[in-house]
Amino acid sequence: MKEVIAVIRMNMMNKTKKALQDAGVVAFFAHEAFGRGKGLVDAKPLEGARKGIEEAVAVLGEKGKLYPKRMLTVVVTDDLVSEVVKVVTDVNRTGQPGDGKIFVLPMIDAVRVRTGEKGAKSIE
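What you see is a predicted model; the values in this text were computed from it and never measured. Per chain, residue numbering runs from 1 following the sequence as it is written. For this predicted model, a pLDDT threshold of at least 70 governs which residues receive local features, and a threshold of 80 or more governs which side-chain atom pairs are given and counted, while totals over whole chains, interfaces and linings are taken from all residues. Each side-chain value is derived from all of the structure's non-hydrogen atoms; neither hydrogens nor water enter the calculation.

## Notes on the overall build of the protein
Helix and strand assignments come from DSSP, with helices taken as H or I runs of at least 4 residues and strands as E runs of at least 2, each series counted from the N terminus. A count of helices and strands for the protein gives four helices and four strands. Walking the protein from its N terminus toward its C terminus, one meets helices and strands in the order β-α-β-α-α-β-α-β. Throughout, a residue-residue contact means that at least one pair of heavy atoms, one from each residue, lies within 4.5 Å. In the protein, of all internal contacts separated by at least 6 residues, the share reaching a separation of at least 24 is 77%. Computed by Shrake-Rupley with a 1.4 Å probe, the accessible areas treat only the displayed protein chains as cover when residues are assessed. As presented, the protein carries roughly 8500 Å² of accessible surface, and 57% of it is formed by carbon and sulfur atoms.

Take a look at the structure:
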(Lines give C-alpha, C1' and ligand atoms only; values in the text may rest on other atoms or scores of the structure.)
Protein backbone atom coordinates (compact mmCIF):
# COMPACT_ATOMS: atom_id res chain seq x y z
CA MET A 1 0.00 0.00 0.00
CA LYS A 2 1.04 3.58 -0.62
CA GLU A 3 -0.13 6.98 0.54
CA VAL A 4 -0.34 9.54 -2.25
CA ILE A 5 -0.41 13.16 -1.10
CA ALA A 6 -1.21 15.78 -3.72
CA VAL A 7 -1.08 19.54 -3.17
CA ILE A 8 -3.15 21.26 -5.85
CA ARG A 9 -4.78 24.59 -6.67
CA MET A 10 -8.09 25.26 -4.91
CA ASN A 11 -9.94 25.78 -8.18
CA MET A 12 -8.87 22.34 -9.46
CA MET A 13 -10.44 20.37 -6.62
CA ASN A 14 -13.73 19.48 -8.31
CA LYS A 15 -12.04 18.43 -11.57
CA THR A 16 -9.54 16.32 -9.64
CA LYS A 17 -12.26 14.71 -7.53
CA LYS A 18 -14.26 13.79 -10.64
CA ALA A 19 -11.20 12.43 -12.44
CA LEU A 20 -10.26 10.27 -9.45
CA GLN A 21 -13.83 8.96 -9.21
CA ASP A 22 -13.83 8.20 -12.97
CA ALA A 23 -10.59 6.25 -12.43
CA GLY A 24 -12.25 4.19 -9.69
CA VAL A 25 -10.67 5.95 -6.72
CA VAL A 26 -13.58 7.12 -4.61
CA ALA A 27 -12.07 7.20 -1.11
CA PHE A 28 -9.75 10.06 -0.22
CA PHE A 29 -9.35 13.00 2.14
CA ALA A 30 -9.20 16.68 1.19
CA HIS A 31 -7.71 19.27 3.51
CA GLU A 32 -7.43 23.03 3.27
CA ALA A 33 -3.78 24.05 3.16
CA PHE A 34 -1.63 27.13 2.62
CA GLY A 35 1.81 27.19 1.07
CA ARG A 36 4.16 28.49 -1.56
CA GLY A 37 6.84 27.14 -3.82
CA LYS A 38 10.51 27.95 -3.49
CA GLY A 39 10.49 29.86 -6.78
CA LEU A 40 8.19 32.53 -5.38
CA VAL A 41 10.48 33.76 -2.60
CA ASP A 42 13.50 36.08 -2.78
CA ALA A 43 15.57 35.34 0.33
CA LYS A 44 16.99 38.87 0.83
CA PRO A 45 13.67 40.71 1.31
CA LEU A 46 12.40 37.79 3.38
CA GLU A 47 15.38 38.10 5.72
CA GLY A 48 14.86 41.88 5.94
CA ALA A 49 11.18 41.38 6.69
CA ARG A 50 12.08 39.02 9.54
CA LYS A 51 14.25 41.80 10.96
CA GLY A 52 11.32 44.24 10.72
CA ILE A 53 12.73 46.45 7.94
CA GLU A 54 9.65 48.12 6.42
CA GLU A 55 11.20 48.51 2.95
CA ALA A 56 11.87 44.78 2.83
CA VAL A 57 8.27 44.05 3.81
CA ALA A 58 7.03 46.35 1.01
CA VAL A 59 9.34 44.73 -1.56
CA LEU A 60 8.34 41.27 -0.41
CA GLY A 61 4.69 42.00 -1.14
CA GLU A 62 2.84 39.11 -2.73
CA LYS A 63 5.95 36.94 -3.07
CA GLY A 64 5.97 36.19 0.64
CA LYS A 65 2.30 35.31 0.75
CA LEU A 66 1.06 31.81 1.52
CA TYR A 67 -1.44 30.75 -1.13
CA PRO A 68 -4.55 28.66 -0.44
CA LYS A 69 -4.25 25.08 -1.70
CA ARG A 70 -5.99 21.76 -1.32
CA MET A 71 -4.12 18.75 -0.03
CA LEU A 72 -5.51 15.38 -1.09
CA THR A 73 -4.55 12.18 0.69
CA VAL A 74 -5.27 8.86 -1.02
CA VAL A 75 -4.27 5.43 0.27
CA VAL A 76 -4.21 2.83 -2.52
CA THR A 77 -2.74 -0.56 -3.30
CA ASP A 78 0.63 -0.49 -5.04
CA ASP A 79 -0.90 -1.31 -8.44
CA LEU A 80 -3.02 1.88 -8.40
CA VAL A 81 -0.29 4.37 -7.48
CA SER A 82 0.80 5.18 -11.03
CA GLU A 83 -2.83 5.65 -12.12
CA VAL A 84 -3.55 8.05 -9.25
CA VAL A 85 -0.38 10.04 -9.98
CA LYS A 86 -1.23 10.18 -13.71
CA VAL A 87 -4.81 11.32 -13.10
CA VAL A 88 -3.81 14.06 -10.66
CA THR A 89 -0.98 15.22 -12.92
CA ASP A 90 -3.10 15.26 -16.08
CA VAL A 91 -5.91 17.24 -14.48
CA ASN A 92 -3.72 19.78 -12.67
CA ARG A 93 -0.96 20.53 -15.17
CA THR A 94 -1.28 24.06 -16.58
CA GLY A 95 2.42 24.59 -17.18
CA GLN A 96 2.47 27.51 -14.74
CA PRO A 97 4.16 27.75 -11.34
CA GLY A 98 1.79 26.61 -8.61
CA ASP A 99 0.41 23.52 -10.38
CA GLY A 100 1.24 21.49 -7.28
CA LYS A 101 3.26 18.57 -5.99
CA ILE A 102 2.63 14.88 -5.51
CA PHE A 103 4.32 12.81 -2.83
CA VAL A 104 4.20 9.00 -2.63
CA LEU A 105 4.93 7.38 0.73
CA PRO A 106 4.95 3.78 1.90
CA MET A 107 1.95 2.83 4.01
CA ILE A 108 2.87 0.18 6.55
CA ASP A 109 -0.64 -0.86 7.50
CA ALA A 110 -4.28 0.19 7.62
CA VAL A 111 -7.15 -1.04 9.74
CA ARG A 112 -10.86 -0.70 9.02
CA VAL A 113 -12.30 0.25 12.40
CA ARG A 114 -15.77 -1.20 11.73
CA THR A 115 -14.61 -4.73 10.84
CA GLY A 116 -11.02 -4.97 12.05
CA GLU A 117 -9.81 -5.85 8.53
CA LYS A 118 -6.14 -5.05 8.01
CA GLY A 119 -3.86 -4.23 5.08
CA ALA A 120 -5.17 -4.02 1.53
CA LYS A 121 -8.55 -5.52 2.54
CA SER A 122 -9.18 -2.48 4.74
CA ILE A 123 -8.98 -0.05 1.80
CA GLU A 124 -10.81 -2.11 -0.83
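## Some words on the sheet that holds strand 1 (residues 2–9)
Strands pair, by our definition, only if DSSP identifies at least two bridges between them. The strand order 2-3-1-4 describes an open sheet built from four strands, whose pairing is antiparallel. The sheet is open, and its two edges are formed by strand 2 (29–35) and strand 4 (101–106), each paired on a single side. Within the sheet, the average angular offset between the axes of one strand and its neighbour, ignoring direction, is 25°. Pairing of strand 2 with strand 3 (residues 67–76) involves seven bridges; the strand directions are antiparallel. By the bridge assignment for strand 3, E32 is matched with R70. Along the sheet face, helix 1 (residues 13–22) touches strand 1, strand 2 and strand 3 and points at about 10° away from the line of strand 3. Angles here are taken between N-to-C directions and fall from 0 to 180 degrees, while the axes themselves are lines fitted to C-alpha atoms, restricted in helices to the stretch in contact.

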